[in-house]
Amino acid sequence: MNRIFKATLLSQALMLALVAPAALAQATAPDGSADAAGEPRQLDSVVVQGEITYRNRTTDTAPVLSYDLEYFQRFEPNTVGDMVKRLPGAAFVGSDIMEFDGVQLRGMGGGYTQVLINGKKVPGAGDDRSFWVDRIPADMVDRIEILRSNSANRSGDAIAGAINIILRDAYEFDGGYLRVGVNRAHDGEVNPTFGAVASGEALGGRILAGINVQDRYRAKFKRSDRFTDPSMEELVSWEDQTEVKDGRDYSGNLSWTADVGDTGRLSVDGFYVKTDRDVTEVSFEEEYDDGEVITSNVPGLGTVNQKNWGLGAEYQFDMAGGRTTFGVDHARFEDDSIESEEAHAYVDGEWDESEAEAEALDAKDAETSFTVAHKRPLGASDMEFGLDYRAKKRDLTYSFYEGAADNEGDPLVYALDGIVASVIEEKRLDPYLMFSGTHGILSWETGLRLETTRSDIRYSEDGEVEGAASKDYNELLPSLHLKWALTDADRLSLSLAGSIKRPDFNELVPALLDGEFGDNDYIGNPQLDAETANGLDFGYERRLGKRGVVGINLFYRDVRNLIELVNTGEPSEEARDAWDDMVEDGDYASVEEAMAAEPAESWLFTSANVGDGKVYGVEFDLSTPLSAFGLDSTGVFLNYAYVKSDVEDFMGKRRFNNQARSAFNVGFIQDLPSLAASFGVTYRKQGDAYERIVGEEVTIRYGEDLEAFVEKRIGNSLSLRLSAANLLDASKDEFFHKFDTLGDQLARDHKEYELETEEAGPAWQLVMRWAF
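Below or above, wherever it landed, is the structure these notes cover. (Residues numbered from 1 in each chain as written. Predicted model: local features only at pLDDT ≥ 70, side-chain atom pairs only at ≥ 80, totals over all residues. Heavy atoms only, no water.)

1. A word on helix α6 (residues 573-584)
So, point 1. End to end, α6 covers 16 Å across 12 residues, agreeing with the expected 16 Å (1.5 Å per residue, within 8%).
So, point 2. For α6, the complete set of buried residues consists of Ala575, Trp579 and Met582. Here the buried residues of α6 occupy an arc of 60° about the axis, which is enough to place them on one side.
So, point 3. In this fold, the buried residues of α6 make contact with β26 (563-571) and α7 (591-597).
So, point 4. Where α6 ends, the next residue or the one after it, Gly586, has phi of about 85°, a positive value. (Helix = DSSP H or I, 4+ residues; strand = E, 2+ residues; numbered from the N terminus. Expected span 1.5 Å × (residues − 1). Buried < 20%, exposed > 50% of the residue type's maximum accessible area, 1.4 Å probe, protein only. Arc of directions from axis to C-beta. Contact = heavy atoms within 4.5 Å.)

2. Overview of the pattern of salt bridges
So, point 1. Under the counting rule described, the total for this entry stands at 76 salt bridges.
So, point 2. The partner of Arg428 in a salt bridge is Asp157, and the shortest N-O contact between them spans 3.9 Å. Note that Arg428 is positioned in strand β18 (residues 413-439) and Asp157 in the loop between β7 (141-147) and β8 (161-167), a separation of 271 residues in sequence.
So, point 3. Taking relative accessible area as the criterion, Asp157 reaches 10% and is therefore assigned buried.
So, point 4. Put simply, Glu734 and Lys732 hold a salt bridge, and the shortest N to O gap is 3.9 Å. Accessibility assignment for this pair places Glu734 and Lys732 in one class, buried. (Salt bridge = Lys/Arg side-chain N within 4 Å of Asp/Glu carboxyl O.)

3. Things to note about the side chain of Glu243
So, point 1. Checked against the element boundaries, Glu243 lands in strand β12 (residues 235-260).
So, point 2. Under the relative-accessibility criterion, Glu243 is labelled buried at 7%.
So, point 3. If near-sequence neighbours (up to four positions away) are discounted, Glu243 is found in contact with Asp96, Arg218, Ala219, Lys220, Val279, Thr280 and Glu281.

4. Quick notes on the sheet that holds β8
So, point 1. The mixed open sheet is built from five strands, whose spatial order is β2-β7-β8-β5-β6. Each edge of the open sheet carries a strand with a single partner, namely β2 (64-68) and β6 (120-121).
So, point 2. Of the strand pairs in this sheet, β2 and β7 are connected by five bridges, and their pairing is antiparallel. Its bridge partner being in β7, Val64 is matched across the sheet by Leu147. (Pairing = 2+ DSSP bridges.)

5. Comments concerning the packing of aromatic side chains
So, point 1. Applying the stated criterion to the full structure yields 18 aromatic pairs.
So, point 2. Considering the side-chain rings of Tyr54 and Phe637, the 5.8 Å spacing of their centres and the 25° angle between planes classify their relative orientation as stacked. One end of the pair, Tyr54, is in the loop between α2 (44-47) and β2; the other, Phe637, is in strand β29 (residues 631-649), with 583 residues separating them in the sequence. Here Tyr54 and Phe637 have matching classes, each one buried.
So, point 3. Where Tyr398 meets Phe400, the ring centres are 6.3 Å apart and the plane angle is 15°; that geometry is what we call stacked.
So, point 4. In this structure an aromatic cluster arises from ring pairing among Tyr54, Tyr67, Tyr71, Phe72 and Phe637.
So, point 5. Lying over the aromatic face of Tyr112, Lys501 brings its terminal NZ or CZ to 5.1 Å of the ring centre.
So, point 6. Here the guanidinium or amino end of Lys738 rests over the ring plane of Phe736, the centre of that ring lying 5.4 Å away. (Phe/Tyr/Trp six-rings, centres within 6.5 Å; stacked < 30°, edge-to-face > 60°. Lys NZ or Arg CZ within 6 Å of the ring centre and 35° of its normal.)

6. Comments concerning the sheet that holds strand β22 (residues 512-517)
So, point 1. Here we have four strands laid out as an open sheet, ordered β22-β23-β27-β26, and mixed in their pairing. Each edge of the open sheet is held by one strand with a lone partner, namely β22 and β26. Between one strand axis and the next, the sheet turns through 40° on average, direction left out of account.
So, point 2. Two elements, β22 and strand β23 (residues 520-523), share three bridges in a ladder whose sense is antiparallel. The residue of β23 that forms the bridge with Leu513 is Tyr522. (Axes fitted to C-alpha atoms, helices over the stretch in contact; angles between N-to-C directions.)

7. Notes on the side chain of Ser455
So, point 1. You can see Ser455 is positioned in strand β19 (residues 442-461).
So, point 2. Judged by its relative accessible area of 3%, Ser455 is buried.
So, point 3. Sequence-distant contacts of Ser455, defined by excluding residues within four places in its chain, comprise Glu425, Glu426, Ala469, Ser470, Lys471 and Asp472.

8. Re unusual backbone geometry
Excluding glycine, a negative phi dihedral is what most residues carry, and trans is how most peptide bonds are arranged.
So, point 1. In this structure, Glu76 is a non-glycine residue whose phi angle is positive, near 50°.
So, point 2. With respect to the secondary-structure elements, Glu76 resides in the loop between α3 (69-73) and α4 (80-84).
So, point 3. On the accessibility criterion, Glu76 (3% relative accessible area) is buried.
So, point 4. One non-glycine residue, Ala320, adopts positive backbone phi at about 50°.
So, point 5. For Ala320, a relative accessible area of 35% translates into the label partly exposed.

9. Thoughts on the nonpolar core
So, point 1. Val80, Val84, Ile136 and Ile165 are the most contacted members of the largest nonpolar core, which totals 49 residues.
So, point 2. Contact partners of Ile165, with chain neighbours within four places excluded, come to Val80, Val115, Leu116, Ile117, Asn118, Val133, Val141 and Arg143.
So, point 3. Among the nonpolar cores identified, the runner-up in size contains 14 residues, and Ala689, Ile700, Tyr702 and Ala725 belong to it. (Core = buried A, V, L, I, M, F, W, Y, C linked by side-chain atoms within 4.5 Å.)

10. As for a nonpolar patch on the surface
So, point 1. Judged by side-chain polarity, Val180, Phe194, Ile211, Ile714, Leu720, Met768, Trp770 and Phe772 come together as a nonpolar surface patch covering roughly 690 Å² of accessible area.
So, point 2. Counting through the fold element by element, Met768 comes out in strand β39 (residues 763-771). (Patch = residues over 30% accessible without salt bridge, like charges linked within 9 Å, V, L, I, M, F, W, Y side chains within 5 Å. Areas by Shrake-Rupley, 256 points an atom, 1.4 Å probe, with all protein chains shown as cover.)

See below:
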């Protein structure tokens, strides 16, 4: 049974349910009816917080953790990344120090963690389908949710879970405010930041608009020491590098909501984020080779020009005894960036050569979706069914340049060295059916989602099409969520759900990459199947007093069709070139003879679905005032996640690549009501992560992160906050084991052992907020 036929059958079943007699339904208003949800929240309560805000305790049957902007705001986060790093189980591996872009829930790589904006998927920069959360300014956000397990009415590609970024909505807020501030880096650089939000009645409904402009600046120092092996007895080379990222982010969001007729509601929302940034690097390298000292000045320059934007509309109305929703969304990511690096080498003080290379990227990634859903009472339960259609097109073009100079001081002349392009198109048609209800102390939700995917891939070099392929795959994802309200304060939850991870884009493109892993080559595999997982979450949560909450959650994921690197058995291009040279030099009469006499030591690798993996761990979070000790104005926050996993690769067992072992946050806020002031401190520590691929193994370690703030409130509409980040001057340390061939890696015969450390220093921020 093919993909379209399956989807059509399930769609017909859903439509039959839509037109079923209304007599089947209970005579109660359906959940989500158009009844008024209360008055909009005043924005001055966001600006001047009279009370400490704690984690929300949601009524969702599925396991959801919800945090309002006010939970984070006193520490003045600039971006969503600054917010998410404080959440249970959130890690950032690979990010530069003091940067929080590619979030990983439960330590699993970005492709396993889904990022949603207003519950909708958005395209991003990562080849692993990840979205960089540091592109969204914090002031655009109403709240952030952690969705620990999948439900049938949401896309299932979230094996590790999902981060749902809910932007401010016109229906929820009224009033306006300004945010003006300055940031000071450790080197004395001062940059401004500005934001404004306003909401009120307009155009027959309610409208909210926000703008934000941030000058983003970060200066870092990096040191690398390279040795022949881990004994570190022989230094091969060293490098000092300074890097400055200097740019500006522009963003805005718009929300308009209006009631239509007696039961209808029309909503339109959009966001826009633009990043302009220059990255300047200055490096000095010194290498020791057979008694010679080779020094190099290595300047680098990168320009980043990225845009993210999305626009959506949704219409809800009562129909056929229930409530129907139609939605349409379009989101786009564009990247027009270039980076270059020069190297001016001197041997024992005499100029030897000047070379350069540059890479330009032109990327466009667009997604369009249509949704229709209907929810209605059915007996003692609620039934929801729907159909999601999504079309995606990712178009990437890389242009490579090389340059050289004939004499010292001559300008470097760049010439085009090649163009590589790929186009990946995906179309999805995903019907779902879901039931939910409450029986006594038990709330339940169960459903099925059929995810169908068709992908088409085209790849070209220098304008000539080199390959094309298509792939269809389907996956049925069941879900079951149970929640027991043991008492008014205590709840137990159990979730079982299927999920999916589609292959990374670079794993699909059949382009031959020479020397991608040491001396080994790599080629993508467009016939990869998606990874799938069965997951279990079991949690306990207790309300502490009126505002506090504590919870613990155990989780397990059984991942199947795991995508790993495998040896094709084909020799690498380097090995083939060596055999050709042997024949040309007359060492052997034929390539076959050379191959027999000098077997290959480097190979062509690809990606394949090989075996299974498992991920498991525990998550704890606490958010409460210390009212039990008579300290109503003291709030404490603590969360900790410990993660383990098992995967088998070409060398044996290991953890999932780049999986942080743990993530720990602890902090407090002390409110001083009589002084209309407050202060607080938060501490963060992330566990080590490890990655093993062909030709390289690396351990990544981040230092402790300490932040603090002090706040003064003036009347009911003005607040001043001074905050500081990275007060412990944390470093990012990486330990690289590098090898030329797989045989060398297995024998632990190192090409190089490298220690790299990166520091950025503390940063300060002074912000004024004024409500009007």
